[in-house]
Amino acid sequence: MKTENRILLAALGSLALAACNQAEEVPPLGTAQQMMAQEVQPTAEIFWNAVGSRSELVDDEPVFTEWQPEGDAEWGDVRAAAARLGELGEILQTPAYSEGRGDDWIAYSQGLVEAAAQAEQAAEARDPEAVFEVGGTIYAVCSACHRMYPPEQLPEGVTVDDIAQPRPNEDMTLGEYVEETDAE
Ligand code: HEC
């Protein structure tokens, strides 16, 4: 290799390093809003939707349906979602997200980490009732943080309590979900 090329490579190498160091300051999952919409909400929904029940009228007859994960793969997905929620709780505590928000922020994020650990245990034990119950605990943590740190901008007609509800359709954005429920 020619000397100039080596020097060039070395220079590029240290540029890359500098870029890495800088990246620590950059929120790894986008703004808090992006992280919530793209990571936290969909991951929580995998857990929330894993166990449930519904009654509906079929030919005027009430039909009650219950569901829960079946088999290794489905339980594995629920467990992975719980584990991911715990990681997201940790990431919320990093300076990129917690800077300037005070101790409560850390406490709520840690609350998410702890609820997620219970969620993981429930999935590991393949205990549908525990999954359902811990789902409620998780929702309580989400809501508590949103009341303390309400979003600056909410779509029209949305309140903090609408945020972080399990949505029937995972692909829906918050605005679409609220529009749909309002239309009912
Ligand atoms: C440590 C605090 C904290 C916790 C815990 C938390 N959130 Fe949030 N969340 C926020 C903040 C802050 C916003 C507003 C971000 C903004 O608009 O700037 C937000 C906004 C949202 C939004 C709206 C995103 C959008 O599209 O505008 C959703 C959805 C959401 N959170 C879901 C959840 C769910 C689900 C959980 C629990 C599993 C959760 N959040 C836990 C702080 C938190």
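Residues numbered from 1 in each chain as written. Predicted model: local features only at pLDDT ≥ 70, side-chain atom pairs only at ≥ 80, totals over all residues. Heavy atoms only, no water.

Description of the overall build of the protein chain
A count of helices and strands for the protein chain gives seven helices and two strands. The helix and strand sequence of the protein chain, counted from the amino end, reads α-α-β-β-α-α-α-α-α. Counting only residues that meet the buried cut, the protein chain has 28% of its 184 residues in that class. Of all intrachain contacts in the protein chain linking residues separated by at least 6 positions in sequence, the fraction that spans at least 24 positions is 54%. Carbon and sulfur atoms make up 52% of the accessible area of the protein chain, which totals about 11,900 Å². (Helix = DSSP H or I, 4+ residues; strand = E, 2+ residues; numbered from the N terminus. Buried < 20%, exposed > 50% of the residue type's maximum accessible area, 1.4 Å probe, protein only. Contact = heavy atoms within 4.5 Å. Areas by Shrake-Rupley, 256 points an atom, 1.4 Å probe, with all protein chains shown as cover.)

Structural notes on helix α3 (residues 71–92)
For α3, spanning 22 residues, the distance from its first C-alpha to its last is 32 Å, which sits close to the expected 32 Å at 1.5 Å a residue. Trp-75, Val-78, Ala-81, Ala-82, Leu-85, Gly-86, Leu-88, Gly-89 and Leu-92 are the residues of α3 that are buried. Seen end-on, α3 carries its buried residues on one side only, within an arc spanning 160°. Exposed side of α3, more than 90 degrees from the buried face: Asp-72 and Ala-73 are the residues found there. Each element contacted by the buried residues of α3 is listed here: α2 (32–48), α4 (95–98), α5 (103–124) and α6 (128–148). (Expected span 1.5 Å × (residues − 1). Arc of directions from axis to C-beta.)

Looking at the packing of α3 against α5
For the pair α3 and α5, the least separation of the axes is 8 Å and the interaxial angle reads 165°. Here α5 runs roughly antiparallel to α3, going by the angle between their axes. As for the relative orientation of α3 and α5, their crossing is left-handed in sense. Where α3 approaches α5, its residues Trp-75, Val-78, Arg-79, Ala-82, Ala-83, Leu-85, Gly-86, Gly-89, Glu-90 and Leu-92 are matched on the opposing element by Trp-105, Ser-109, Leu-112, Val-113, Ala-116, Ala-119, Glu-120, Ala-122, Ala-123 and Glu-124. A breakdown of the residues in the contact of α3 with α5 according to their chemical character gives 13 nonpolar, three polar and four charged. (Axes fitted to C-alpha atoms, helices over the stretch in contact; angles between N-to-C directions. Parallel < 35°, antiparallel > 145°, perpendicular 65-115°, else oblique. Left-handed = near helix turned anticlockwise from the far one by under 90°. Nonpolar A, V, L, I, M, F, W, Y, C, P; charged D, E, K, R; others polar.)

Regarding the site of the ligand
The ligand sits among 22 residues. The nearest are Gln-33, Met-36, Cys-142, Cys-145 and His-146. Within the side chain of Gln-33, one N or O atom sits 2.8 Å away from an oxygen atom of the ligand. Here His-146 contributes a side-chain N or O atom positioned 2.8 Å from a nitrogen atom of the ligand. Where the shell around the ligand is concerned, the elements lending two or more residues are α2, α5 and α6. Split into classes, the residues belonging to the shell around the ligand amount to 16 nonpolar, four polar and two charged. (Near = heavy atom within 4 Å. Polar contact = N/O pair within 3.5 Å; in protein donor to acceptor, adjacent residues only side chain to side chain.)

What to know about the coordination of the iron atom of the ligand
Reference geometry at the metal: tetrahedral coordination by four donors gives ideal angles of 109.5 degrees; octahedral coordination by six donors gives 90 or 180 degrees. Protein coordination at the iron atom of the ligand comes from Met-36 (SD) and His-146 (NE2), with a distance range of 2.0 to 2.3 Å. Considering all six donor atoms around the iron atom of the ligand, angles at the metal cover 84 to 179° and the coordination shape is octahedral. You can see Met-36 sitting in helix α2 and its partner His-146 sitting in helix α6, a full 110 residues away along the chain. (Donors = N, O, S within 2.8 Å, 3.2 Å for Na, K, Ca; no water. Tetrahedral: all angles 85-135°; square planar, octahedral: opposite > 155°, others 65-115°.)

Considering the pattern of salt bridges
Per the stated rule, a full pass over the model turns up six salt bridges. Note that Arg-79 is salt-bridged to Glu-120, the shortest N-O span being 3.7 Å. You can see Arg-79 sitting in helix α3 and its partner Glu-120 sitting in helix α5, a full 41 residues away along the chain. Residue classification places Glu-120 among the partly exposed residues on the basis of a relative accessible area of 25%. As a salt-bridge pair, Arg-79 and Glu-124 come within 3.8 Å of each other at their nearest N and O atoms. Of this pair, Arg-79 sits in helix α3 while Glu-124 sits in helix α5, and the two are 45 residues apart along the sequence. (Salt bridge = Lys/Arg side-chain N within 4 Å of Asp/Glu carboxyl O.)

A word on unusual backbone geometry
At Asp-59, a residue that is not glycine, the phi angle is positive and equals roughly 50°. Structurally, the position occupied by Asp-59 is in the loop between β1 (52–58) and β2 (61–67). Here Asp-59 falls in the exposed class, since its relative accessible area comes to 72%. Phi is positive for Asp-60, close to 70°, though the residue is something other than glycine.

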